[in-house]
Amino acid sequence: QVQTAESGGGLVQAGGSLRLSCAASGRTFATYAMSWFRQAPGKERELVAGISWTSGTNTYYADSVKGRFTISRDNAKNTVYLQMTGLKPEDTAVYYCAARYGRQAPTTKEEYDYWGQGTQVTVSS
């Protein structure tokens, strides 16, 4: 079982950067694919980025964040990161970390087993 806790959100101006962290419990963190989702008010929760288990060889990005966001993982620290640059007001949302046992990070939220409480990211124009 994995428990996750996000941190690093905040208020930033458009064009700025933030790095989100997701600290996970458990000794088997490396065997979980990890992803970041976000949910804006009145909208569905959407996948932002995903990373495969162990070395994180495979990554996935939503078209809206490609070239601006980077997902990475540090298994020694049981942590997955989301480096966000070139932030836009439309990136404003609560960002959630999600974990699923297995190699690949699924693209649908229903396939994830564990979720964090979320961290708010607000981008002002």
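Residues numbered from 1 in each chain as written. Predicted model: local features only at pLDDT ≥ 70, side-chain atom pairs only at ≥ 80, totals over all residues. Heavy atoms only, no water.

Student: Would you mind going over the nonpolar core with me for this structure?
Tutor: If you look at soluble globular proteins, the nonpolar side chains tend to sit buried side by side. Core analysis: the biggest nonpolar cluster contains 29 residues, and Met34, Trp36, Leu82, Met84 and Tyr95 have the highest contact counts within it. Breaking this core down by element, the ones donating at least two residues are β3 (18-24), β4 (32-39), β5 (46-51), β7 (69-74), β8 (79-84), β9 (93-101) and β11 (119-124). (Core = buried A, V, L, I, M, F, W, Y, C linked by side-chain atoms within 4.5 Å. Buried < 20%, exposed > 50% of the residue type's maximum accessible area, 1.4 Å probe, protein only. Helix = DSSP H or I, 4+ residues; strand = E, 2+ residues; numbered from the N terminus.)

Student: When you look at the state of the cysteines in this model, what are you seeing that I'm missing?
Tutor: Put plainly, a disulfide is one covalent bond tying together the sulfur atoms of two cysteines. On inspection of all chains with the given rule, the structure shows one disulfide. Here Cys22 pairs with Cys97 through a disulfide, and the sulfurs are 2.1 Å apart. As the torsion about the S-S bond is roughly -75°, the Cys22-Cys97 disulfide counts as left-handed. One end of the pair, Cys22, is in strand β3; the other, Cys97, is in strand β9, and 75 residues separate them in sequence. Given the relative accessible area of 0%, Cys22 is considered buried. Cys97 sits in the buried class, given a relative accessible area of 0%. (Disulfide = S-S within 2.5 Å.)

Student: Just to check I follow, could you spell out the pairing of β11 for this structure?
Tutor: Residues in a regular strand project their side chains so that they alternate between the two faces of the sheet. Every second residue of β11 is oriented toward a common face, the buried set being Thr119, Val121 and Val123 and the non-buried set Gln120, Thr122 and Ser124. Here strand β2 (residues 10-13) runs beside β11; their pairing, made up of four bridges, is parallel. Following the sheet pairing, Leu11 is matched in β11 by Thr122. (Pairing = 2+ DSSP bridges.)

Student: Please explain the side chain of Thr79 as it appears in this structure.
Tutor: Take Thr79: it is sitting in strand β8. Looking at Thr79, its side chain comes within polar contact range of the main-chain oxygen of Lys77, at 2.8 Å. Beyond its immediate chain neighbours, meaning those up to four positions away, Thr79 contacts Ser21, Cys22, Ala23, Phe29, Ser72, Arg73 and Asp74. (Polar contact = N/O pair within 3.5 Å; in protein donor to acceptor, adjacent residues only side chain to side chain. Contact = heavy atoms within 4.5 Å.)

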